[in-house]
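# Commentary on secondary and tertiary structure
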Amino acid sequence: MDSKRTNRRELLKGGAALAGGVTLGELAASQAQAHDHPMTPGSENASPMILGSKELVEYGQRSRYVTSVRIQHPPGGRPSPDLFGKVFHVASPLQDSVGVITPSSLHYVATTRGSYMPDIDPKLHTLTIHGLVDQPLTLTMDDLKRFPSVTRLHFIECAGNRHTPQQKTVQETHGMTSCAEWTGVPLSTLLKECGLKGSATWFVAEGAEEVKGASSMPISKAMDDCLIAYGMNGEALRPQQGFPVRIIPPGFEGIFHTKYLRRIKVVDRYYMNYNDFGHLRPDPKELALSEQIGPKSVITYPSGGQQLPGRGFYEISGLAWSGGGAIRTVEVSTDGGKKWNLAELKTTPQRMAHVRFGYPWTWDGNATEILSRATDEIGQVQALREQIAQWWNVPVERNYRVPGLDNSVMPWKIAKDGGVTNGLA
Ligand SMILES: Nc1nc2c(c(=O)[nH]1)N[C@H]1C(S)=C(S)[C@@H](COP(=O)(O)O)O[C@H]1N2
Ligand SMILES: [Mo]
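Computed from a predicted structure; not experimentally measured.

Each value, and the rule that gives it
- Residues numbered from 1 in each chain as written.
- Chains lettered and ligands numbered in written order.
- Predicted model: local features only at pLDDT ≥ 70, side-chain atom pairs only at ≥ 80, totals over all residues.
- Heavy atoms only, no water.
- Buried < 20%, exposed > 50% of the residue type's maximum accessible area, 1.4 Å probe, protein only.
- Helix = DSSP H or I, 4+ residues; strand = E, 2+ residues; numbered from the N terminus.
- Pairing = 2+ DSSP bridges.
- Phe/Tyr/Trp six-rings, centres within 6.5 Å; stacked < 30°, edge-to-face > 60°.
- Lys NZ or Arg CZ within 6 Å of the ring centre and 35° of its normal.
- Arc of directions from axis to C-beta.
- Patch = residues over 30% accessible without salt bridge, like charges linked within 9 Å, V, L, I, M, F, W, Y side chains within 5 Å.
- Areas by Shrake-Rupley, 256 points an atom, 1.4 Å probe, with all protein chains shown as cover.
- Salt bridge = Lys/Arg side-chain N within 4 Å of Asp/Glu carboxyl O.
- Near = heavy atom within 4 Å.
- Polar contact = N/O pair within 3.5 Å; in protein donor to acceptor, adjacent residues only side chain to side chain.
- Nonpolar A, V, L, I, M, F, W, Y, C, P; charged D, E, K, R; others polar.
- Core = buried A, V, L, I, M, F, W, Y, C linked by side-chain atoms within 4.5 Å.
- Domains from an automatic or database assignment.
- Contact = heavy atoms within 4.5 Å.

Taken across its 6 residues, strand β7 (residues 202-207) has 5 buried, putting it largely inside the fold. Inspection of the sheet shows β7 paired to strand β12 (residues 261-267) by 6 bridges, in the antiparallel sense. Each residue of the ladder has a partner; that of Val204, found in β12, is Lys265.

Structure, rendered in structure tokens:
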């Protein structure tokens, strides 16, 4: 992990070697200027008003100079919201991400077959656990919060997070995953409270929307690490993320993370339901729903649509995650996959959570291709698309559509002029 750590002083000594050639002197000058004008023109007169405004006192907002936003997914596809106000898929701006926590406002959104986001009054909402239990339970949100809580970092990823040659940016290729800090009650705590019957082997988690969000999962997952979450990034869940309560089955395909959770039925077999519809493919090699995601990684900087200002030093940065546990290592190649180098993990790897990696790179100005691949704690290694094609015995082509979840390695092409484009194209 520390093998490739760069001596930062060494790096900064030659200001001209920095990308864009900004010297430290110039940086200091621009900072001093910023301090001379702490407020926007005219704001001095309006300060009592501003102090009284909601955004400065009650609920903060980001700087108006920060403009990173989510986009409908896939771009150019079904508009979201559509003519009827239904919201479909919305992708997170990974190209602008720093660290590993996705701000709640930028968390990706996926609604199975479109949805009108339910407007749920938490005082009226209840969660019922029934089926193969000794004592069924119906909990208000206040009841739920009386149980001992846990707080954990977990990613969610939609099965629709697939990279294709047509996509331009990392938001388009990988924006259907996000990582947040979730707070809630372990499902195992609630199931112990109910008492499981011996025949209990599966459970179905149902959302409050009509026929939505019901998925069968093994009871072993419930007893292992499922969270019944009411908190997200230090506050209540956002409505788009399932307010007032959702289930987090860490590392499982996104569709299992039922939002607006109102019912958990403990059963003795896999129950086919609405979520399986549309995920059953005529090709028997395609899984219906896949439980465990990854291992997967993607370089977020430099990535498609970005422009390197010139040769010199860059820190390649990206995200890695796996449904199999914590990420153990990430490797980066800057020569199209000939040589793989150990990247530095920038955050503490946690189970089923994004980890940020970095790799110091001095670009010589020649056209090349950069890639990343992740290995998780159980030894799974992220595969190249070419390798997956070989496993399925089909011609090795870059634009090959990987069956099931697509966790293949993502290549970014760097052109001589510094332009970054999709390496699959
Ligand atoms: N009730 C309900 N739960 C749901 C869905 C939904 O449409 N309704 N969509 C699912 C899908 S397909 C995914 S990928 C995740 C997305 O979670 P997010 O919108 O919080 O990112 O929620 C899942 N849970
Ligand atoms: Mo999804």
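Turning our attention to the sheet that holds strand β13 (residues 296-301). Reading across from one edge, β13-β14-β18-β17 is the order of the 4 strands in this open sheet, with antiparallel pairing throughout. Each having just a single partner strand, β13 and β17 (344-345) make up the two edges of the open sheet. As paired strands, β13 and strand β14 (residues 312-321) are joined by 5 bridges and run antiparallel to one another. Residue pairing across strands places Ser297 opposite Ala320, the latter belonging to β14.

Under the criterion given, the structure shown has 5 aromatic pairs. Ring geometry for Phe155 versus Trp321: centroids 6.4 Å apart, planes at 55°, classification tilted. One end of the pair, Phe155, is in strand β5 (residues 150-157); the other, Trp321, is in strand β14, and 166 residues separate them in sequence. For Trp321, a relative accessible area of 0% corresponds to the buried category. Ring geometry for Tyr314 versus Trp361: centroids 6.3 Å apart, planes at 45°, classification tilted. Remark: Trp361 occurs in strand β18 (residues 355-363) and Tyr314 occurs in strand β14; sequence separation between them is 47 residues. Residue class for Tyr314 comes out buried when judged on its relative accessible area of 3%. By relative accessible area, which is 7% here, Trp361 ends up buried. Joined through ring pairs, the aromatic side chains of Tyr314, Trp361 and Trp363 make up one cluster. Seen from the ring of Tyr230, Lys145 lies directly overhead, with NZ or CZ sitting 5.3 Å from the centre. One cation-aromatic arrangement involves Arg373 over Trp340; the distance from NZ or CZ to the ring centre is 4.2 Å.

Here we take up helix α7 (residues 187-194). Each full turn of the α-helix corresponds to 3.6 residues, which orients residues three or four apart in the same direction. Leu187, Ser188, Leu190, Leu191 and Cys194 are the residues of α7 that are buried. Buried residues along α7 cover an arc of 160° about the axis, so they all sit on one side. Trailing α7 by a residue or two, Gly195 shows a phi angle of about 80°, which is positive.

Glancing now at a nonpolar patch on the surface. A cluster of nonpolar side chains, contributed by Leu83, Phe84 and Tyr116, occupies part of the molecular surface with about 460 Å² of accessible area. Within the secondary structure, Phe84 sits in the loop between β1 (71-73) and β2 (89-91). Under the relative-accessibility criterion, Phe84 is labelled exposed at 64%.

Once that is clear, we can look at the site of ligand 1. Every one of the 17 residues lining ligand 1 counts as a neighbour, but Tyr108, Thr112, Glu209, Arg246 and Lys259 are closest to it. One nitrogen or oxygen atom from the side chain of Glu209 is found 2.4 Å from a nitrogen atom belonging to ligand 1. Between an oxygen atom of ligand 1 and a side-chain N or O atom of Arg246, the distance comes to 2.8 Å. Considering ligand 1 on its own, with 540 Å² of exposed area, one finds that the protein chains cover 98% of that surface. In terms of residue class, the shell around ligand 1 is built from 6 nonpolar, 8 polar and 3 charged.

Let us look at the pattern of salt bridges. Counting across every chain of the model gives 12 salt bridges. A salt bridge links Glu206 to Arg263, with the nearest nitrogen and oxygen atoms 2.8 Å apart. Here Glu206 is found in strand β7, whereas its partner Arg263 is found in strand β12, with 57 residues between them in sequence. By relative accessible area, which is 17% here, Glu206 ends up buried. Across the pair Lys346 and Glu315 runs a salt bridge whose closest N-O atoms are separated by 2.6 Å. Within this pair, whereas Lys346 is found in the loop between β17 and β18, its partner Glu315 is found in strand β14, the two being separated by 31 residues in sequence. With a relative accessible area of 30%, Glu315 lands in the partly exposed category. Through salt bridges with shared partners, a single ionic network connects Glu206, Arg262 and Arg263.

Moving on, we come to the nonpolar core. Val330, Phe357, Trp361 and Trp412 are the most contacted members of the largest nonpolar core, which has 34 residues in total. Mapped onto this core, the elements with two or more residues apiece are β5, β13, β14, β15 (327-333), β18, β19 (368-376) and β20 (412-414). The two domains that each donate at least three residues to this core are domain 2 (104-280) and domain 3 (296-422). Ignoring sequence-local partners within four residues, the contact set of Val330 consists of Ala320, Asn341, Leu342, Ala343, Leu345, Phe357, Ser372, Arg373 and Ala374. Judged by nonpolar contacts, the second largest core, of 30 residues, contains Phe203, Ala205, Tyr230 and Ile247.

Spatial strand order, β16-β15-β19-β20-β21: 5 strands in an open sheet with antiparallel pairing. For this open sheet the edge positions go to β16 (341-342) and β21 (420-422), each flanked by a neighbour on one side alone. In the sheet, β15 pairs with β16 via 2 bridges, with the strands oriented antiparallel. When the bridges of β16 are listed, Val332 appears paired with Asn341.

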